[in-house]
Amino acid sequence: MKDALLYEGKAKQVFQAKGKPGQLVLSYKNDATAFNGEKKANFEGKGRLNNEISARIFTSLQSRGVESHFIERLNETEQLVHETEIIPLEVVVRNLATGSITKRLGFREKTLFEPPLVELFYKNDDLGDPLINDDHAKLLSDITDLELNQVKEKALIVNDRLSSLFASIGIKLVDFKLEFGRKADGTIVLSDEISPDTCRLWDLETEQKLDKDVFRQGTGNLIEVYEEILRRLEGLSW
Ligand code: C5P
């Protein structure tokens, strides 16, 4: 199923897919990191949960017209994807203020962003993934003006689709991070993963946090809340 390990990140390994040029196997790890790798832990079952949750979300987005690198889930912890060259940008969409924006700019917790706010960060661990503007993004990531606008538009479309998907299972999509990659034909598609590692997900009624913040803040059981997300997604018909 897989050949050489090409890259190992904090939450996933990336392998060449055996006998399938242009395709990769993403293997989801049980490792969790926060604060740019300063806080680390290993949670049995996390890789399986994020692989399954991310696969369901990409499948749902594809059925709603949002193309991504995702091809299929292969087994408990692995998925097959199209090879892309990752664009070193983290595109964050925020519906409510929480997390870094409250500290960085002083927005009051839960301030509503209407329209949703899009922020760009430079994906660079050594620099601590700094916030950047459009001009920085174009200089740092070999992306044209038009492509950058398309990426931001796509991020807002993903926000629309995912906000209604999560609302239908009693969850508020507070914010999330996307990554994009360039396919061999030059087109840019949604890439990486979409999971409780990369989204803030709050129960609509209780505002209970059902995402990685329980690990970042040490306020809950990560596996239990990720299982709750998967359980609710399983209740949806595709
Ligand atoms: O920390 P911050 O408030 O900027 O995070 C915004 C959103 O982006 C959160 O949903 C967080 O989980 C996600 N994020 C991520 N990877 C990062 C930074 C943020 O998935 N490196």
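The protein chain carries the name Phosphoribosylaminoimidazole-succinocarboxamide synthase in an unreviewed UniProt entry, which gives Virgibacillus sediminis as its organism. As recorded by UniProt, the Catalytic activity (unreviewed entry) comment attached to the protein chain reads in full: "5-amino-1-(5-phospho-D-ribosyl)imidazole-4-carboxylate + L-aspartate + ATP = (2S)-2-[5-amino-1-(5-phospho-beta-D-ribosyl)imidazole-4-carboxamido]succinate + ADP + phosphate + 2 H(+)". Turning to the protein chain, the UniProt record has this under Sequence similarities (unreviewed entry): "Belongs to the SAICAR synthetase family."

Q: In this structure, what is going on with the domain arrangement of the protein chain? I would like to understand it.
A: Here the domain parsing of the protein chain yields domain 1 (2-82) and domain 2 (85-220). Taking only C-alpha atoms, the centre of domain 1 and the centre of domain 2 are 18 Å apart. Across the contact, 28 residues belong to domain 1 and 22 residues belong to domain 2. The junction of domain 1 with domain 2 conceals about 2,100 Å² of combined surface from both sides, 60% of it contributed by carbon and sulfur atoms. Summed over the shared surface of domain 1 and domain 2, the number is 5 salt bridges. Residue E193 pairs with K12 through a salt bridge whose shortest N-O separation is 2.7 Å. One can count 15 residue pairs in polar contact (both at pLDDT 80 or more) joining domain 1 with domain 2. Here the side of domain 1 that touches domain 2 takes 8 residues from helix α1 (residues 46-63), the largest share from any one element.

Q: Help me understand unusual backbone geometry, please; the structure alone is not making it clear to me.
A: Residue P115 follows E114 across a cis peptide bond; omega there is 5 degrees. Considering the arrangement of structural elements, one finds P115 in strand β10 (residues 112-122). One non-glycine residue with positive phi stands out, namely N36, at about 50 degrees. Tracing the backbone shows N36 in the loop between β4 (31-34) and β5 (39-42). For N36, a relative accessible area of 41% gives the class partly exposed. Positive phi, close to 50 degrees, is recorded for D129, a residue that is not glycine. Relative to the elements of secondary structure, D129 occurs in the loop between β10 and β11 (131-132).

Q: What's the story with α1 in this structure? I'm lost.
A: Because each turn of an α-helix spans 3.6 residues, side chains separated by three or four positions in sequence point in the same direction. Spanning 18 residues, α1 covers 26 Å between terminal C-alpha atoms, matching the ideal 26 Å at 1.5 Å per step. The buried count for α1 comes to 13 of 18 residues, which makes it a mostly enclosed element. Phi turns positive, to about 85 degrees, at G65, one or two residues after α1.

Q: Would you take a moment to explain the site of the ligand for this structure?
A: Around the ligand sit 15 residues, and of these R94, S100, D175, R200 and R216 come closest. Side-chain polar atom of D175 to an oxygen atom of the ligand: 2.6 Å apart, as the coordinates give it. Within the side chain of R200, one N or O atom sits 2.9 Å away from an oxygen atom of the ligand. Starting from 450 Å² of accessible surface for the ligand in isolation, the protein chains cover 80%. Among the secondary structure elements, those contributing two or more residues to the shell around the ligand are β9 (89-96), β12 (171-182) and β14 (199-203). Among the residues making up the shell around the ligand, the classes are represented as 3 nonpolar, 4 polar and 8 charged.

Q: Teacher, can you tell me more about empty space enclosed by the protein here?
A: Here the idea is plain: a probe the size of a water molecule rolls over the atoms and shows the empty space left. One pass over the structure, following the stated rule, counts 1 cavity of 30 Å³ or more. Put simply, the largest cavity is a space of about 30 Å³. For the lining of the largest cavity, the secondary-structure elements that each account for two or more residues are β9 and β12.

Q: What's the story with the packing of helix α3 (residues 134-141) against helix α4 (residues 145-167) in this structure? I'm lost.
A: The description of two packed helices rests on the angle between their axes and on the distance between the axes. One way to put it is that α3 packs onto α4 with a least axis distance of 10 Å and a crossing angle of 115 degrees. Considering their axes alone, α3 and α4 lie roughly perpendicular with respect to each other. By crossing handedness, the relation of α3 to α4 is classed as right-handed. Counting all contacts with α3, which are made through D134, A137 and K138, the residues of α4 involved are D145, L148 and K152. Counted by class, the contact of α3 with α4 contains 2 nonpolar, no polar and 4 charged residues.

Rules behind the numbers
Residues numbered from 1 in each chain as written. Predicted model: local features only at pLDDT ≥ 70, side-chain atom pairs only at ≥ 80, totals over all residues. Heavy atoms only, no water. UniProt positions renumbered as here; feature names shortened; annotations may be inferred. Domains from an automatic or database assignment. Contact = heavy atoms within 4.5 Å. Buried area = accessible area lost by both parts, 1.4 Å probe. Salt bridge = Lys/Arg side-chain N within 4 Å of Asp/Glu carboxyl O. Polar contact = N/O pair within 3.5 Å; in protein donor to acceptor, adjacent residues only side chain to side chain. Helix = DSSP H or I, 4+ residues; strand = E, 2+ residues; numbered from the N terminus. Buried < 20%, exposed > 50% of the residue type's maximum accessible area, 1.4 Å probe, protein only. Expected span 1.5 Å × (residues − 1). Near = heavy atom within 4 Å. Areas by Shrake-Rupley, 256 points an atom, 1.4 Å probe, with all protein chains shown as cover. Nonpolar A, V, L, I, M, F, W, Y, C, P; charged D, E, K, R; others polar. 1 Å grid on protein atoms, 1.4 Å probe; cavity = no way out; pocket = protein on both sides within 12 Å on 5 of 7 lines; lining within 4 Å. Points joined across faces, edges and corners; volume = space filled by probe spheres on them. Axes fitted to C-alpha atoms, helices over the stretch in contact; angles between N-to-C directions. Parallel < 35°, antiparallel > 145°, perpendicular 65-115°, else oblique. Left-handed = near helix turned anticlockwise from the far one by under 90°.

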